[in-house]
Amino acid sequence: MPVQLLRIVRGKSETPLPSHLQKEDLRHLQEHFDHTNKYFQGIVILTYPLTKLGDGTDFFKVVLQDLDNSCSRINSINILIYGKMAEDCAKVIRHGDTFVVAGFKLAKSPTAREDGRHGCHLEVSEEAGSAIYSVAPKYVYTPLNHLKDGTIVNLYGVVKFFKPPYVSKGTDYCSVVTLVDPSNVKLTCTLFNGNLDSLPKIYKVGDIVRFHRIKIREYNGQMQGITSGGFASLTFDGTVGAPVVPRTSSKVYTFMDEEQKTIEELRIWAASNLSVSGPAAKLSGVQPMLFFDLTCQLVGKAKVDGSSFLLKVWDGTKCPYPTWKVPVEAKDLEGEKVLLHQLRNLTVDILVYDNHVQLAKSLKIGSFLRIYSIHTKQGSADSEHVSHIEFHLHGGTCYGRGIGVLPESNLDVKELK
DNA sequence: TATTAGGGTTCG
């Protein structure tokens, strides 16, 4: 593991570095000195884009500043990272982070005269047996009643409302999340990311999130959260007693006993201060003329027209009313023919509109979904049809209307199986 | 290195 997570509190590491390593002062990084078993620690003051060398090797350059020598004329040094390690580091190294570099090769820096940094640079790669350790900072979390305009903060919150990620009119996915905490202040966050996986994996009201580096702004007289460059999130099930397992796309994150305790405390607070009785329902319990959230499996899908798309789903229960069947061309219907036929009396047709079409098209047959705020509508009887119930996911994102994909590991999915 | 949206049910 070339890039490891290491947390150092008050100068002492909780996950110690290998004991044979000794800290080396910037001034002692000189040619012809033996740097075996030495490490250098510094704070990232500059990173360059990940590039490829002429021979195809990945290359990543960062500048580390030595905080112990920050008043010296020369207090920074170039770190040149090669190969797989360059790729790994480019993903996790951020401006302002502290890193430890061990197993480096020291060489004369050809750019020292221009950049004013140390006369040597450090070269590291997996092949050379180098290691880079990320030293996690001690994060400070701001309660929601202490947020100030124009700051970037870390915070915890219980999800009071959310819109599952949807395709925005810009270039990114968008998710809107309203949080509360024991200070009883609400914060609505608008989160953007081009990568669906980088937005918080919230499945229900009552989930608990930890946001890092969220920007706070004032909007319409209220504080608002918005994604900033280094935004990262963890999401936890909000159920008291459930395992404390973070859902995240980050490869590297800190999560210690202290954080576990925070989650457990928030769960207990939420249990008595937040109503989580969402409008979830089983198909067996649906009533006409209401909105509800459905956890289900996708059995079939079909294009209908430019502004609507059909999802055929089931949840293992049977809807007590005759259900609407959306007429589509047989050639347009995707899904396993045999299964579609077997489940024909258990699946229901959900017609999704407008902004939900793009996401619906991309869904994989067999995947588990939660569809939020489905509208059930009573279709009237006429000469051709008996009275039936229709399922619509209207356009727009009001009330969190949308579609979320659940992982197989989700508890509600296990129940469904 | 901007923009997206900025919670509060429907055209179908």
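Residues numbered from 1 in each chain as written. Chains lettered and ligands numbered in written order. Predicted model: local features only at pLDDT ≥ 70, side-chain atom pairs only at ≥ 80, totals over all residues. Heavy atoms only, no water.

### A look at the sheet that holds strand β13 (residues 173–180)
Reasoning step 1: With respect to topology, 5 strands assemble into a closed barrel ordered β12-β13-β14-β16-β15, the strand pairing being mixed. Each adjacent strand pair in this sheet contributes to an overall mean axis angle of 50°, direction not counted.
Reasoning step 2: Sheet topology note: the strand β15 (residues 208–219)/strand β16 (residues 222–236) ladder contains 11 bridges and is antiparallel. Residue pairing for β16: Arg 217 is matched across the bridge by Gln 224.
Reasoning step 3: Strands in contact with helix α3 (residues 257–273) are β12 (152–167), β13, β15 and β16; relative to β12, the strand with the most contacts, it is inclined by about 65°. (Pairing = 2+ DSSP bridges. Helix = DSSP H or I, 4+ residues; strand = E, 2+ residues; numbered from the N terminus. Axes fitted to C-alpha atoms, helices over the stretch in contact; angles between N-to-C directions. Contact = heavy atoms within 4.5 Å.)

### Digging into a nonpolar patch on the surface
Reasoning step 1: A surface patch of nonpolar side chains, amounting to about 210 Å² of accessible area, comprises Ile 45, Leu 46 and Tyr 48.
Reasoning step 2: Tracing the chain through its elements places Ile 45 in strand β4 (residues 38–47).
Reasoning step 3: Given the relative accessible area of 31%, Ile 45 is considered partly exposed. (Patch = residues over 30% accessible without salt bridge, like charges linked within 9 Å, V, L, I, M, F, W, Y side chains within 5 Å. Areas by Shrake-Rupley, 256 points an atom, 1.4 Å probe, with all protein chains shown as cover. Salt bridge = Lys/Arg side-chain N within 4 Å of Asp/Glu carboxyl O. Buried < 20%, exposed > 50% of the residue type's maximum accessible area, 1.4 Å probe, protein only.)

### Notes on the domain arrangement of chain A
Reasoning step 1: What the domain assignment reports for chain A is domain 1 (6–135), domain 2 (151–273) and domain 3 (283–416).
Reasoning step 2: Summarising the inter-unit geometry, the C-alpha centres of domain 1 and domain 3 are found 54 Å apart. (Domains from an automatic or database assignment.)

### Section: helix α1 (residues 84–92)
Reasoning step 1: The set of residues buried in α1 consists of Met 85, Ala 86, Asp 88, Cys 89 and Val 92. Projected onto a plane normal to the axis of α1, the buried residues spread over an arc of 165° and lie on a single side. (Arc of directions from axis to C-beta.)

### Some details on unusual backbone geometry
Reasoning step 1: Phi angles above zero are rare outside glycine, and Asn 37 is one such case at about 65°.
Reasoning step 2: A relative accessible area of 38% means that Asn 37 is categorised as partly exposed.
Reasoning step 3: Even without a glycine there, the phi angle at Tyr 399 is positive, about 55°.
Reasoning step 4: Relative accessible area serves as the criterion here: at 75%, Tyr 399 is assigned to the exposed category.

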